[in-house]
Amino acid sequence: MYALLTGPEAGPWTLEYANAGHPPPLLITYEGDTRYLQDGHGPLLGVDPGLPRPHAAEPLPARGTLLLYTDGLIERRGESLDHGLTRLRQHAAALAREPLDVLCDELLSGLGQESSDDVALLALRLPPVAG
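Residues numbered from 1 in each chain as written. Predicted model: local features only at pLDDT ≥ 70, side-chain atom pairs only at ≥ 80, totals over all residues. Heavy atoms only, no water.

Undergrad: Sorry if this is basic, but what is going on with the pattern of salt bridges here?
TA: Opposite charge on two side chains lets them pair, provided their charged atoms get close. What the rule picks out here adds up to two salt bridges. Close ionic contact of Arg 35 with Glu 58 constitutes a salt bridge, the shortest N to O distance being 2.3 Å. In this pair, Arg 35 is assigned in strand S4 (residues 34–36) and Glu 58 in strand S5 (residues 56–60), connecting sequence segments 23 residues apart. In this structure, Arg 87 and Glu 79 form a salt bridge, with 2.8 Å as the shortest nitrogen-oxygen distance. Residue class for Glu 79 comes out partly exposed when judged on its relative accessible area of 27%. (Salt bridge = Lys/Arg side-chain N within 4 Å of Asp/Glu carboxyl O. Helix = DSSP H or I, 4+ residues; strand = E, 2+ residues; numbered from the N terminus. Buried < 20%, exposed > 50% of the residue type's maximum accessible area, 1.4 Å probe, protein only.)

Right, here's the structure in full:
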C-alpha cells in the first residue's frame, strides 16, 4: 500500500493511493459511516513489473479516520472474507468517536484475538477543518 495525504494543513485533504494486494483501506467518518476504498487496486508487487499500477484519489472528511490493516484482522479459517470485512466495518462504526488509541485497542482486542495470523493496524485521524 502506498498512500500520500495532500492538502493544506487546515484541510481539506485528499488521499492519493495505490494498493498492491493488501486489504482495502477503511474510511470511518465521525458520524460512524464506513466504506472501503476499493479503487487503486492492482496486482501484487513482483507479479509482472510490466503491468500498469492503478492509483486513486479520495477526499477525506474532517474528523474522519483512515484505517490500514493486515489480513490477519479480518481473515478467519472457514469464513468468507466478506464476513470478516463486514465485522470490521461494524466494529469500527461503533468506535468512530472514540480516541484513536481506544479505537485501535478495541479493534485489536475484539477482532485480533481470534486471528491465527499476525495483525497490524495503521490509523490516521484527521482534525476538524479550520474555519
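Undergrad: What am I meant to see in the nonpolar core here?
TA: Within soluble globular proteins, side chains that are nonpolar tend to cluster in buried spots. The biggest cluster of nonpolar side chains holds 16 residues, and the ones touching the most others in it are Leu 26, Ile 28, Leu 67, Tyr 69, Leu 88 and Leu 107. At the level of secondary structure, the elements contributing two or more residues to this core comprise strand S3 (26–28), strand S6 (65–69), helix H1 (81–94) and helix H2 (100–111). With four residues, H2 is the single largest residue contributor to this core. Beyond its immediate chain neighbours, meaning those up to four positions away, Leu 67 contacts Pro 25, Leu 26, Ile 28, Leu 88, Leu 107, Leu 121, Leu 122 and Ala 123. Grouped together as the second largest cluster of nonpolar side chains are nine residues, Trp 13, Leu 37, Ala 56 and Leu 126 included. (Core = buried A, V, L, I, M, F, W, Y, C linked by side-chain atoms within 4.5 Å. Contact = heavy atoms within 4.5 Å.)

Undergrad: Sorry if this is basic, but what is going on with the sheet that holds strand S7 (residues 121–125) here?
TA: In any sheet, the strands associate via hydrogen bonds between backbone groups, in a parallel or an antiparallel arrangement. Read across the sheet, four strands follow the order S4-S3-S6-S7 without closing on themselves; strand pairing throughout is antiparallel. Two strands close off the open sheet at either side, each with one partner strand: S4 and S7. For this sheet, the mean angle separating the axes of adjacent strands, direction not counted, is 20°. Inspection of the sheet shows S3 paired to S4 by three bridges, in the antiparallel sense. Directly across from Ile 28, in S4, lies its bridge partner Thr 34. The strands that H1 touches are S3, S4 and S6; relative to S4, the one it contacts most, it runs at about 145°. (Pairing = 2+ DSSP bridges. Axes fitted to C-alpha atoms, helices over the stretch in contact; angles between N-to-C directions.)

Undergrad: What am I meant to see in the side chain of Arg 87 here?
TA: Structurally, Arg 87 is set in helix H1. If near-sequence neighbours (up to four positions away) are discounted, Arg 87 is found in contact with Ile 74, Arg 76, Glu 79 and Leu 111.

Undergrad: I would appreciate a short explanation of H2 in the present structure.
TA: Helical geometry note: an α-helix holds 3.6 residues per turn, so side chains three or four residues apart project in the same direction. Given a rise of 1.5 Å per residue, 12 residues ought to cover 16 Å, and the 16 Å separating the end C-alpha atoms of H2 matches this to within 8%. Among all positions of H2, only Leu 103, Cys 104, Leu 107 and Leu 111 are buried. Looking down the long axis of H2, one finds its buried residues gathered within 95° of arc, a one-sided arrangement. As for H2, its buried residues are in contact with S3, S6, H1 and S7. (Expected span 1.5 Å × (residues − 1). Arc of directions from axis to C-beta.)

Undergrad: I would appreciate a short explanation of the sheet that holds strand S1 (residues 2–6) in the present structure.
TA: Spatially, S1-S2-S5 is the arrangement adopted by the three strands of the open sheet, whose pairing is antiparallel. Edge positions in the sheet fall to S1 and S5, since each of these pairs with one other strand and no more. Pairs of neighbouring strands in the sheet enclose a mean axial angle of 25°, with direction left out of account. Looking at chain direction, strand S2 (residues 13–18) and S5 are connected through five bridges and run antiparallel. Counterpart to Trp 13 in the pairing with S5 is Leu 60.

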